[in-house]
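# Fold and contact review
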Amino acid sequence: MRSPAAGPLNDVVVIDLTTMLAGPFATMVLGDLGADVIKVEPPHGDFIREQGPFAPDDELRAFGGYFQSVNRNKRSVVLDLTTEEGRASLLELVAHADVVVENFRHGVMDRLGLSYERLQEKNPHLVYAAIRGFGDERTGSSPMRDWPAYDITVQALSGLMEITGEPDRPPIKTGPGLGDTVPALFAVIGLLSAVHRARRDGVGGFVDVSMYDAMLAMCERTVYQHSYNGDVPTRQGNSHPLLCPFDVVPAADGWVSIAAPGNNHWQQLCAAIGRPELSTDERTRDNVSRLANRDFTMSAVTAWTTTRTKDQIVETLGGKVPVAPVNTVEDIYADPHVRARNMLVEVDHPGVSHPLTIANSPIKFADAPPTQIRRAPLLGEHTDEVLAQFDNATTAFQLEETR
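Residues numbered from 1 in each chain as written. Predicted model: local features only at pLDDT ≥ 70, side-chain atom pairs only at ≥ 80, totals over all residues. Heavy atoms only, no water.

## What about the overall build of the protein chain?
Tallying secondary structure elements over the protein chain gives 16 helices and 11 strands in all. By its C-alpha atoms, the protein chain is 85 × 50 × 40 Å across when sized along the principal axes. Across the 403 residues of the protein chain, 44% fall into the buried class. Taking as baseline every contact in the protein chain between residues at least 6 positions apart, the subset at least 24 positions apart corresponds to 70%. As displayed, the protein chain offers around 20,400 Å² of accessible surface, 55% of which is attributable to carbon and sulfur atoms. (Helix = DSSP H or I, 4+ residues; strand = E, 2+ residues; numbered from the N terminus. Buried < 20%, exposed > 50% of the residue type's maximum accessible area, 1.4 Å probe, protein only. Contact = heavy atoms within 4.5 Å. Areas by Shrake-Rupley, 256 points an atom, 1.4 Å probe, with all protein chains shown as cover.)

Following this line, the structure appears as structure tokens:
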């Protein structure tokens, strides 16, 4: 039996049918918040288990860092949903769950005989969340409905890649998999809203998040720019089409970001770089003027930054003007903010003699201790435990019904 976890969702049971990144990231967030996340895997396991990276001394290789990072705080159950026995076991789990999350291609669950409608028959209060490339026909059928999709697919379609990168250079995807993690976060918002409604009104529901839709929503400024003045935004490096200064500029030993589009921050920046007259110069006195004279504005800033190190720039501007060095991951490990906020957490890893580090949850509560991060599960590690637990729950319910 699972010990109750700390966290506001410790009375929520989630059946996790997801794989790769988008779905597991969503259920990871739920697990971090205390939900009992039961990861149902096929006999061969989630594809990501085999993808690494692996620690040099890991001879077991049950899973790598990718799987560990987004599957912590979960229990693993192996069920073969292509068999009648596997489907029956899943329906038994669903009967006692609050949420099911899946990110299969459209129609897969229906073909298995495990459609939303079938699961809802088993549990009318169930919240069913689907994360797919192009959504589900229950909420609006896309002509791309049956297409597969990855992070890079929806970054391209949504226009994110068109506005990312340097002018006159090829489009660039963002470093992290935002095409997966952003839809995951939208799905968490939607399914938690549906859980609230289910507990208030006794009605479950189907939550549908298209990866394409989520990325388009994240790129909202391109939509209003085109609607309001006919712009077709494209790549312009690290600068901003509506704000100045708002850019990454060179330092003597690397790069720093500086953002001072508001007049108060601009005045403080001007004073710090020894150019107080720029705060009243008609070319730079407000954001509109600075945008119109971007080259002049930025040349004044970079003339100062290029003669100073990143540390010197941050020491001068920190706390006055939004400024930050462009960190490497080594810088992040050494950052006092990261340590103070406990954003790097050590977890056990089967087959490795020492703990390894993953990123912690950024969600914190002032009146509760942080959820303890548990390592990702071995394949099928909790199959017997979970099936026995839910079988006992069914027996207890049946006994209650006969009284």
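## Looking at the side chain of S279
With respect to the secondary-structure elements, S279 resides in the loop between α10 (263–272) and α11 (287–292). At 2.8 Å, the side chain of S279 and the backbone oxygen of P276 are in polar contact. Discounting residues that sit within four places of it in the chain, S279 has contacts with W266, Q267, C270 and R285. (Polar contact = N/O pair within 3.5 Å; in protein donor to acceptor, adjacent residues only side chain to side chain.)

## Observations concerning the sheet that holds strand β5 (residues 127–132)
Pairing within the open sheet is parallel, and its 6 strands lie in the order β3-β2-β1-β4-β5-β6. The sheet is open, and its two borders are formed by β3 (74–78) and β6 (205–210), each paired with just one other strand. Within this sheet the neighbouring strands show an average axis-to-axis angle of 20 degrees, counted without direction. As paired elements, strand β1 (residues 13–16) and strand β4 (residues 99–102) share 3 bridges and run parallel to each other. (Pairing = 2+ DSSP bridges. Axes fitted to C-alpha atoms, helices over the stretch in contact; angles between N-to-C directions.)

## Let's talk about the nonpolar core
V14, F25, L30, A35, V99, V127 and L191 are the most contacted members of the largest nonpolar core, which totals 35 residues. Secondary-structure elements contributing two or more residues to this core are α1 (22–32), β4, β5, α7 (178–201), β6 and α8 (211–218). The element contributing the most residues to this core is α7, with 8 residues. When neighbours within four sequence positions are excluded, V99 is seen to be in contact with V12, V13, V14, I15, L126, V127, L191 and V195. With 24 residues, the next largest nonpolar core counts A97, V100, M109 and L119 among its residues. (Core = buried A, V, L, I, M, F, W, Y, C linked by side-chain atoms within 4.5 Å.)

## Comments concerning the side chain of S115
Along the chain, S115 falls in the loop between α4 (108–111) and α5 (116–122). If near-sequence neighbours (up to four positions away) are discounted, S115 is found in contact with M109, D110 and R138.

## Some thoughts on the pairing of β5
A large share of β5 lies buried, amounting to 6 of its 6 residues. Neither face of β5 is open: one carries V127, A129 and I131, the other Y128, A130 and R132, and all of them are buried. Strand direction decides the pairing type here: β4 and β5, joined by 4 bridges, are parallel. For E102, the partnering residue across the bridge sits in β5 and is A130. Bridge count between β5 and β6: 6 bridges; the pairing is parallel.

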